[in-house]
Amino acid sequence: MKTSRILLPLFLLLVLAGCKKDPQEIFNEEKSGVVLICNEFYYDVALADGEHLYFAGIDDDGSLQGLTADLNEIKKAPSVLNGTGFFIDNITFLK
């Protein structure tokens, strides 16, 4: 038990001492691979009679946001999700 109290802080000290780059240096090296991802979406419910209903999401109270049967209307007000991603390699995909 006493050994682990000594070894764990020593291990952490060695790991942290091994970090030679500050956060700004890491950012400068990796910033070209970071991208913003923006996704606009809506839900499309196909009814048995061939008609469609569209909505953008579900409110906290369970009601459907932007419920409409007009495709053009939902395309004007879709839901939006944002996030970040990054490139890990310059892989070329075959067509």
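Refer to the structure printed above.
Residues numbered from 1 in each chain as written. Predicted model: local features only at pLDDT ≥ 70, side-chain atom pairs only at ≥ 80, totals over all residues. Heavy atoms only, no water.

A.B. asks: It is not clear to me how the overall build of the chain should be interpreted in this structure. Could you clarify?
C.D. replies: Within the chain one finds three helices and six strands. In sequence order, the chain lays out its α and β elements as α-α-β-β-β-β-β-α-β. For the chain, the proportion of its 95 residues judged to be buried stands at 9%. Counting contacts in the chain only where the partners sit at least 6 residues apart, residues at least 24 apart contribute 39% of the total. With an accessible surface of roughly 8,600 Å², the chain has 61% of that area assigned to carbon and sulfur atoms. (Helix = DSSP H or I, 4+ residues; strand = E, 2+ residues; numbered from the N terminus. Buried < 20%, exposed > 50% of the residue type's maximum accessible area, 1.4 Å probe, protein only. Contact = heavy atoms within 4.5 Å. Areas by Shrake-Rupley, 256 points an atom, 1.4 Å probe, with all protein chains shown as cover.)

A.B. asks: Would you explain the side chain of T68 in this entry?
C.D. replies: Considering the arrangement of structural elements, one finds T68 in the loop between β5 (64-65) and α3 (71-76). In this structure, T68 is in contact with H52, L53, Y54, E73 and I74, ignoring residues within four places of it in sequence.

A.B. asks: Whenever I open this one, the environment of V35 confuses me. Can you help?
C.D. replies: Relative to the helices and strands, V35 resides in strand β1 (residues 34-41). Once the C-alpha coordinates of V35 and T84 are considered, the two residues, 49 residues apart in sequence, prove to be 5.7 Å apart.

A.B. asks: It is not clear to me how the packing of aromatic side chains should be interpreted in this structure. Could you clarify?
C.D. replies: Scanning all chains against the criterion turns up three aromatic pairs. When the centroid spacing of 6.0 Å and the interplanar angle of 80 degrees are considered together, the rings of Y42 and Y54 count as edge-to-face. Note that Y42 is positioned in the loop between β1 and β2 (43-46) and Y54 in strand β3 (residues 52-55), a separation of twelve residues in sequence. For Y42, a relative accessible area of 31% gives the class partly exposed. Summarising the aromatic geometry, the rings of Y43 and F55 are spaced 4.9 Å apart at their centres and angled 15 degrees between planes, so their arrangement reads as stacked. Here the residue Y43 occupies a position in strand β2, and F55 occupies one in strand β3, the gap between them amounting to twelve residues. (Phe/Tyr/Trp six-rings, centres within 6.5 Å; stacked < 30°, edge-to-face > 60°.)

A.B. asks: What should I look at first to understand the side chain of S79 in this one?
C.D. replies: If you trace the backbone, S79 turns up in strand β6 (residues 79-86). According to the relative accessible area criterion, S79 is buried, its value standing at 14%. Here A56 takes part through its backbone oxygen, which lies 2.3 Å from a polar atom of the side chain of S79. Not counting residues up to four positions away in its chain, the partners in contact with S79 are N39, E40, F41, A56, G57 and Q65. (Polar contact = N/O pair within 3.5 Å; in protein donor to acceptor, adjacent residues only side chain to side chain.)

A.B. asks: Quick question: what am I supposed to make of the environment of A56 here?
C.D. replies: Structurally, A56 can be placed in the loop between β3 and β4 (57-58). According to the relative accessible area criterion, A56 is buried, its value standing at 6%. Residue contacts for A56: discarding those within four places in its chain leaves F41, Y43, Q65, I74, A77, P78 and S79.

Function cannot be read off these values alone, since they describe shape.
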